[in-house]
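Structural overview for review
The chain contents come next:
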Amino acid sequence: MPVAGGSVAGPMSRTPHLVSRLQGFGTTIFAEMSALASETGAVNLGQGFPDTDGPTEISEAAVAAIRAGHNQYPPGPGIPELRHAVAEHQRRFYRLDFDPQSEVLVTAGATEAITAALLALCEVGDEVVMFEPYYDSYGAATAMAGAQRVVVTLRPPDYGFDVDALAAAVSAKTRAILLNSPHNPTGKVFSAAELEAVARICIEHDLICITDEVYEHLVFEGEHIPIATLGGMAERTITISSAGKTFSFTGWKIGWACARPDLLGAVRTAKQFLTYVNGAPFQHAVALGLGLGDEVYRGLAADLRTKRDRLCAGLRSAGFEVYPPAGTYFVTTDIRPFGVEDGMAFCRELPYRCGVVAVPNVVFYDNLVEGRHLVRFAFCKRLDVLDDAVARLEKLST
Ligand SMILES: Cc1ncc(COP(=O)(O)O)c(C=O)c1O
């Protein structure tokens, strides 16, 4: 059995009481590395959360919603204002049409939407094809659904994939392809041609596409194309996103899923027994946020682009091989220029060697050898924090 995605526990370490399908998902790497950061006082470029809040008008809207008494259970599918705002957002940015009543579901972050989709759609023993490296919750959610993950590897420098390998990963048991673009941890933004290849395979094998687009607005190169916009895909795609990354309010956990009524109805059934509802006042604030002008969206991306460029240049000068991301707020590096290959050991030592925390990409892989030498840094931090981290990392080559 491969190491569970995102987890530091290997197949040899068993967690007492835990069901077998969740063995190996013990403690996420983010918990270990954040604990190391606070223990050592290191600069934490491990976990992906911004160190500044998003637009004030959005946080003020949350405060106003609390003061206005929006503090009880909201409607199960989400407040109408937010469902309308999500539908309008999809129309405004992608010309995708969703009916706010029957085709938009508000969830507790994208994480719940992904989990609910897998629980709703997969029979025990079904297979879910996903690209590795993959975001840690995909492995755990697939396992909770009793399904099996089948991975197709994205390889640097451009993190392309072999279309034949994707086709070969599909079997009679495949239920869905789980896509993530813009992609964590690589920062890849899937091209139109790559999305068309995924779409072709979905259509040919009558698969559902679950697409995680939480970084949809954090794009610096190229263009984010929702796979639901491709011919034949609208009726078989569950498009998932959330407000956390776009607006820098990761702690609010307001997400959504959009799909045709039959697919969304299945997801809603599972979702209602996970959290039922969440974050009533934050739903009001996100409804307002989604309607803000293009300049707000552009400003958030421009700010991150500056940070990306600053950290990438710093990492390069510190001696890393850098794969600059086209989107998201993560950059992947290769540590082999330092004469080492084991990213896990490197990250565990890094806080003690120079006071910086990063994440070893190996935890996002089933094929460990593919990610062994790769290390991820988050750049959603203040510029002075990034500069401090770079100054510390410079010590690695002295
Ligand atoms: C690819 C990806 N999907 C989903 C999430 C989680 O989204 P949310 O906080 O909305 O549940 C993250 C957070 O890091 C992520 O990187």
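Everything in this summary refers to the structure shown in the same document. Every value quoted in this text rests on a predicted model; they were computed, and no experiment measured them.

In this section: the pattern of salt bridges. In the structure shown here, the tally under the stated rule is 18 salt bridges. Its salt-bridge partner being D206, residue R236 comes within 3.1 Å of it at the nearest N-O pair. Taken as a pair, R236 in the loop between β6 (208–212) and β7 (237–242) and D206 in the loop between α7 (192–204) and β6 lie far apart in primary sequence, 30 residues in all. Judged by relative accessible area, R236 falls into the buried class, the value being 14%. A salt bridge links R308 to D309; the shortest N-O distance between them is 3.0 Å. Through salt bridges with shared partners, one network takes in E88, R91 and D97.

So, on to the site of the ligand. In the neighbourhood of the ligand, 13 residues make up the surrounding shell, with T111, D212, Y215, S242 and K253 lying closest. Between the ligand and the protein, one listed contact pairs an oxygen atom with a side-chain N or O atom of N184 at 2.8 Å. Here the ligand loses 93% of its free accessible area of 400 Å² to cover by the protein chains. When residues of the shell around the ligand are assigned to their parent elements, the largest contribution, three residues, is made by helix α4 (residues 109–121). When its residues are assigned to classes, the shell around the ligand shows five nonpolar, five polar and three charged.

Okay, the nonpolar core next. Core analysis: the biggest nonpolar cluster contains 101 residues, and I210, I238, F320, F377 and L393 have the highest contact counts within it. The residues contacting F320, other than those within four sequence positions of it, are L315, T333, D334, I335, P337, F338, F346, F377, L393 and L396. Judged by nonpolar contacts, the second largest core, of 29 residues, contains A85, V86, A285 and L300.

Okay, the packing of aromatic side chains next. Each pair of aromatic rings is reported with the distance of its centres and the angle of its planes. For the coordinates displayed, the defined rule picks out 20 aromatic pairs. Centroid distance F161 to F190: 6.1 Å. Interplanar angle 40°. Geometry classified as tilted. Pair noted here: F161 is in the loop between β4 (148–153) and α6 (163–169) and F190 is in the loop between β5 (174–180) and α7, with a separation of 29 residues, a long-range link. You'll find F161 and F190 in the same group, each marked buried. Each residue in the set F93, Y94, F247 and Y297 is aromatic and connected to the rest through ring pairs, giving one cluster.

It is worth spelling out the packing of α4 against helix α9 (residues 261–272) at this point. Two numbers describe how α4 lies on α9: the axes approach to 8 Å, and their chain directions differ by 105°. In terms of orientation, α4 and α9 fall into the roughly perpendicular class. Contacts between α4 and α9 pair E112, A113, A116, A117, L119, A120 and L121 from the former with L263, A266, V267, A270 and K271 from the latter. In terms of residue class, the contact of α4 with α9 is made up of 10 nonpolar, no polar and two charged.

In spatial order, the strands read β9-β10-β13-β12; together these four strands make up an open sheet with antiparallel pairing. In the strand order of this sheet, the two ends are held by β9 (321–323) and β12 (359–360), each with one partner. Bridge count between strand β10 (residues 330–334) and strand β13 (residues 374–378): five bridges; the pairing is antiparallel. By the bridge assignment for β13, V331 is matched with F377.

What follows covers the sheet that holds β4. On the basis of which strands lie adjacent, the open sheet formed by seven strands has the order β2-β8-β7-β6-β5-β3-β4 and mixed pairing. Among the strands making up the open sheet, the edge pair consists of β2 (104–108) and β4. Ignoring which end each strand starts from, the neighbouring axes of this sheet average 25° apart. Against the sheet, α4 touches β2, β3 (127–132), β5, β6, β7 and β8 (254–258), its axis set at about 155° to β7. Packing of helix α10 (residues 280–290) onto the sheet brings it into contact with β2 and β8, and relative to β8 it is tilted by some 65°.

Moving on: the side chain of S242. Mapped onto the elements, S242 comes out in strand β7. According to the relative accessible area criterion, S242 is buried, its value standing at 8%. Excluding residues within four positions of it along the chain, S242 makes contact with G109, A110, V214, I254, G255 and W256.

So, about α9. Helical periodicity: at 3.6 residues per turn, an α-helix aligns residues three or four positions apart in one direction. An ideal rise of 1.5 Å per residue puts 16 Å on 12 residues; α9 measures up with 16 Å between its terminal C-alpha atoms. Buried residues belonging to α9 abut β2, α4, β6, β7 and β8.

Turning to unusual backbone geometry, a few remarks are in order. For the bond from P156 to P157, the omega torsion is 10°, close enough to zero to count as cis. With respect to the element layout, P157 can be found in the loop between β4 and α6. With an omega of 10°, the peptide bond between N184 and P185 qualifies as cis. Structurally, the position occupied by P185 is in the loop between β5 and α7. With a phi close to 70°, H17 is a non-glycine residue in the positive phi region. Mapped onto the elements, H17 comes out in the segment before α1 (29–40). Positive phi, normally seen in glycine, also occurs at D206, with a value near 55°.

Parameters and conventions
Residues numbered from 1 in each chain as written. Predicted model: local features only at pLDDT ≥ 70, side-chain atom pairs only at ≥ 80, totals over all residues. Heavy atoms only, no water. Salt bridge = Lys/Arg side-chain N within 4 Å of Asp/Glu carboxyl O. Helix = DSSP H or I, 4+ residues; strand = E, 2+ residues; numbered from the N terminus. Buried < 20%, exposed > 50% of the residue type's maximum accessible area, 1.4 Å probe, protein only. Near = heavy atom within 4 Å. Polar contact = N/O pair within 3.5 Å; in protein donor to acceptor, adjacent residues only side chain to side chain. Areas by Shrake-Rupley, 256 points an atom, 1.4 Å probe, with all protein chains shown as cover. Nonpolar A, V, L, I, M, F, W, Y, C, P; charged D, E, K, R; others polar. Core = buried A, V, L, I, M, F, W, Y, C linked by side-chain atoms within 4.5 Å. Contact = heavy atoms within 4.5 Å. Phe/Tyr/Trp six-rings, centres within 6.5 Å; stacked < 30°, edge-to-face > 60°. Axes fitted to C-alpha atoms, helices over the stretch in contact; angles between N-to-C directions. Parallel < 35°, antiparallel > 145°, perpendicular 65-115°, else oblique. Pairing = 2+ DSSP bridges. Expected span 1.5 Å × (residues − 1).

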